[in-house]
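An overview of the molecular structure
Listed here are the chains, written in short residue letters.
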Amino acid sequence: MQDFTGSFRLAGRLIAAADPALVEIVLLSIQVTLSALVVSALIGLPLGATLAISRFPGRHGLVILCNALMGLPPVVVGLLVYMMLSNAGPLGVLQLLYTPTAMVIAQTVLITPILIALTRQVIADLNHEYAETFHSLGVPAHTAIAALLWDGRFSLLTVLLAGFGRAIAEVGAVMIVGGNINHVTRVMTTAIALETSKGELALALALGLILLAIALGVNALTSMINAPDGKRSHVRSA
Amino acid sequence: MSEVLDFTPPRRPSRNAHRLAASPMPLQVRGLSLELEGKRLLDQVDLTLLDNGITVILGPNGAGKTLLLKCLHGLCQPTSGTVLWHVDGLERPPVLEVRKAQALVQQKPVLLRRSVLANLKFAAKLRYSPIPQGLLENALALARLDHLASHAARTLSGGEQQRLALARALILKPKVLFLDEPAANLDPASTVLIEEAIRAAQSAGTKIVLITHGLSQARRLADNIVFLHRGRILEHSPADKFFSEPATVEAEAYVRGEIVL
Ligand SMILES: Nc1ncnc2c1ncn2[C@@H]1O[C@H](COP(=O)(O)OP(=O)(O)O)[C@@H](O)[C@H]1O
Ligand SMILES: [Mg+2]
């Protein structure tokens, strides 16, 4: 107990002093996850929307596949990306293993199915409402998709937050493909795992608190966006 | 049913005289039937839209008026029969041209989750690039929604939403405009506004096909009446004739205000 109290005090001091090692790790984490989020969004939003409004053979199978991929165990994603990027793998020549880029790729693979599946749901619901009117107005498909994405933007923001939350909190995949190399690929989750195993609880706790704050912040944002508040929807949708 | 405006309307002078040389009729329906869940909801409907006047589809609740309109507009696939469009003199015009030739105002319009102005702009962009000067402003003025331009469309009252939907449809400059009970549940002022806008569109050359179950609105607006009863067209005649000497027992009962089931 005595030990823990000391660790907490030290963790507080690290955060308060913006300890350079701590800041470096936090910034890298955010940078990696935001990059993965941007890539996933570029793939997931249009693909999810397309799945929501188009009818083609195999569409149903794709939807099931995405829903199944949502539950991919992160370590398995890590393993697969590792095999792709390792020297013997098809992308070995790129020499990406143990770089931040490798972590971005792993997180992208991890959250893209989530973004596709959730986007599909959001857009399908909205399309259910709009479809007849769009058909009546003679709206071309690409205009319809753009309009659905735009009009569903607040729900989609919560989808992005869900992806962000999942990616930044993930440890297994980035550990495998990033290698947790100090100053290069050490992010919050892998650092916490390492420091804890070394018994260095102060830095682990400091990072844990920051990660917790980020998770709570994401949750708070999500519920703010989803709040059934007439005023908000009035102001924002105008 | 009890419309606020159910007074005996002044008869308008017939506009038929001005419309004899109108453009050729754009829409023909042949043997159209619709079955849903084993029920025959539209039965062998034949309909030719004769001219550019106002055609009113009249009939009791559940007669199939909305379904017929949706079939005409292509929102609903008939079980059998055909809906033939003639656009620009073409026998089989391209699908997109057929789409562009028509617009629909639904009974409960679906508006985008955007401002009033953005809703109009969305429609305008579908037809114009760039959007002509004053188009949106005129549409707003027509619907008397100038003061609400930046409001979220979904926060408007029912009447305002209906007016916006009508303005949105008119921006598309359709050759045929379908209206499904455009003044249901509206106050008298909104009803007058909407009927004025409908007449103005008609004068500008748009063929109007309007559903109502209200006799007074039918009397005020109709040039000819299609009387629908249990999915079948019992009568299609000029409005004067329909009201003065209905040809079927059902229509006669309906005109007398008796419930027809
Ligand atoms: N999707 C549907 N499936 C089954 N029955 C329907 C469907 N839509 C409408 N109906 C039935 O068809 C009949 C005609 O409906 P409608 O065209 O809406 O009547 P109205 O003349 O009042 O507009 C009604 O009895 C209605 O219950
Ligand atoms: Mg109806």
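The model shown is predicted, which means the values in this text are computed figures rather than measured ones. (Residues numbered from 1 in each chain as written. Chains lettered and ligands numbered in written order. Predicted model: local features only at pLDDT ≥ 70, side-chain atom pairs only at ≥ 80, totals over all residues. Heavy atoms only, no water.)

Section: the overall build of chain B
The number of helices and strands found in chain B is nine helices and nine strands. Sorting the 261 residues of chain B into buried and exposed places 55% on the buried side. When contacts within chain B are restricted to residue pairs at least 6 apart in sequence, those whose partners lie at least 24 apart make up 69%. Split by element, the accessible area of chain B, about 12,100 Å² in all, is 54% carbon and sulfur. (Helix = DSSP H or I, 4+ residues; strand = E, 2+ residues; numbered from the N terminus. Buried < 20%, exposed > 50% of the residue type's maximum accessible area, 1.4 Å probe, protein only. Contact = heavy atoms within 4.5 Å. Areas by Shrake-Rupley, 256 points an atom, 1.4 Å probe, with all protein chains shown as cover.)

Description of the site of ligand 1
Residues and elements named next belong to chain B. In the neighbourhood of ligand 1, the contacting residues comprise L36, E37, L41, P60, N61, G62, A63, G64, K65, T66 and L67. A distance of 2.8 Å separates an oxygen atom of ligand 1 from a polar backbone atom of K65. At 2.8 Å, a side-chain N or O of T66 approaches an oxygen atom of ligand 1. Considered on its own, ligand 1 offers 560 Å² of accessible surface; in the complex 63% of this is hidden by protein. With three residues, the top contributor of residues to the shell around ligand 1 is helix α1 (residues 65–73). Broken down by class, the residue content of the shell around ligand 1 amounts to five nonpolar, four polar and two charged. (Near = heavy atom within 4 Å. Polar contact = N/O pair within 3.5 Å; in protein donor to acceptor, adjacent residues only side chain to side chain. Nonpolar A, V, L, I, M, F, W, Y, C, P; charged D, E, K, R; others polar.)

Here we look at the interface of chain B and chain A
At the interface, 24 residues of chain B touch 19 residues of chain A. When chain B packs against chain A, the two sides together hide about 1,900 Å² of surface, and 56% of this comes from carbon and sulfur. The largest contributions to the chain B side of the interface with chain A come from R113, R114 and F122 of chain B, which together make up 29% of the buried area. Across the contact surface, chain B and chain A share four salt bridges. Residues E129 of chain A and R154 of chain B are paired through a salt bridge, measuring 2.1 Å at the closest nitrogen-oxygen approach. The tally of links from chain B across to chain A stands at ten residue pairs in polar contact (both at pLDDT 80 or more). For the side of chain B that touches chain A, the elements supplying multiple residues, two or more each, are α1, β5 (102–105) and α3 (116–127) of chain B. Of all the elements, α3 of chain B adds the most residues to the side of chain B that touches chain A, at three residues. Residue composition of the side of chain B that touches chain A, grouped by class: nine nonpolar, eight polar and seven charged. (Buried area = accessible area lost by both parts, 1.4 Å probe. Salt bridge = Lys/Arg side-chain N within 4 Å of Asp/Glu carboxyl O.)

As for the pattern of salt bridges
Inspection of every chain in the model, using the stated rule, returns ten salt bridges over all chains. Note that E129 of chain A and R113 of chain B form a salt bridge whose closest N and O atoms lie 3.0 Å from each other. Here R113 of chain B lies in the loop between β5 and α3 and E129 of chain A lies in helix α5 (residues 100–137), a pairing that spans two chains. Residue class for E129 of chain A comes out partly exposed when judged on its relative accessible area of 26%. The partly exposed category is assigned to R113 of chain B, whose relative accessible area is 31%. As a salt-bridge pair, R40 of chain B and D43 of chain B come within 2.8 Å of each other at their nearest N and O atoms. In the salt-bridge network here, residues are joined through shared partners; they are E129 of chain A together with R113 and R154 of chain B.

Topic: the pairing of strand β2 (residues 39–48) of chain B
Side-chain direction in a regular strand flips from residue to residue, so the side chains alternate between the two faces of the sheet. Residue and element names in this part refer to chain B. Note: strand β1 (residues 27–36) against β2, six bridges, orientation antiparallel. When the sheet's bridge partners are listed, L32 is paired in β2 with V45. What sits between β1 and β2 in their antiparallel hairpin is a turn of two residues, with E37 showing a positive phi close to 50 degrees. (Pairing = 2+ DSSP bridges.)

Side note on the sheet that holds strand β4 (residues 80–85) of chain B
Residue and element names in this part refer to chain B. Strand order in the open sheet formed by three strands is β2-β1-β4, with antiparallel pairing between adjacent strands. Every interior strand has two partners, whereas the edge strands, β2 and β4, have only one. Ignoring strand direction, the axes of neighbouring strands in this sheet form an average angle of 20 degrees. As defined by bridge partners, β1 adjoins β4 across five bridges and the pair is classed as antiparallel. What sits directly across from L27, in β4, is W85. (Axes fitted to C-alpha atoms, helices over the stretch in contact; angles between N-to-C directions.)

Digging into the UniProt feature "domain: ABC transmembrane type-1" (unreviewed entry) in chain A
Using the residue numbers shown here, the UniProt feature "domain: ABC transmembrane type-1" (unreviewed entry) corresponds to residues 26–222 of chain A. Helix makes up 80% of residues 26–222 of chain A and strand 0%, whereas the separation of the span's terminal C-alpha atoms amounts to 22 Å. (UniProt positions renumbered as here; feature names shortened; annotations may be inferred.)

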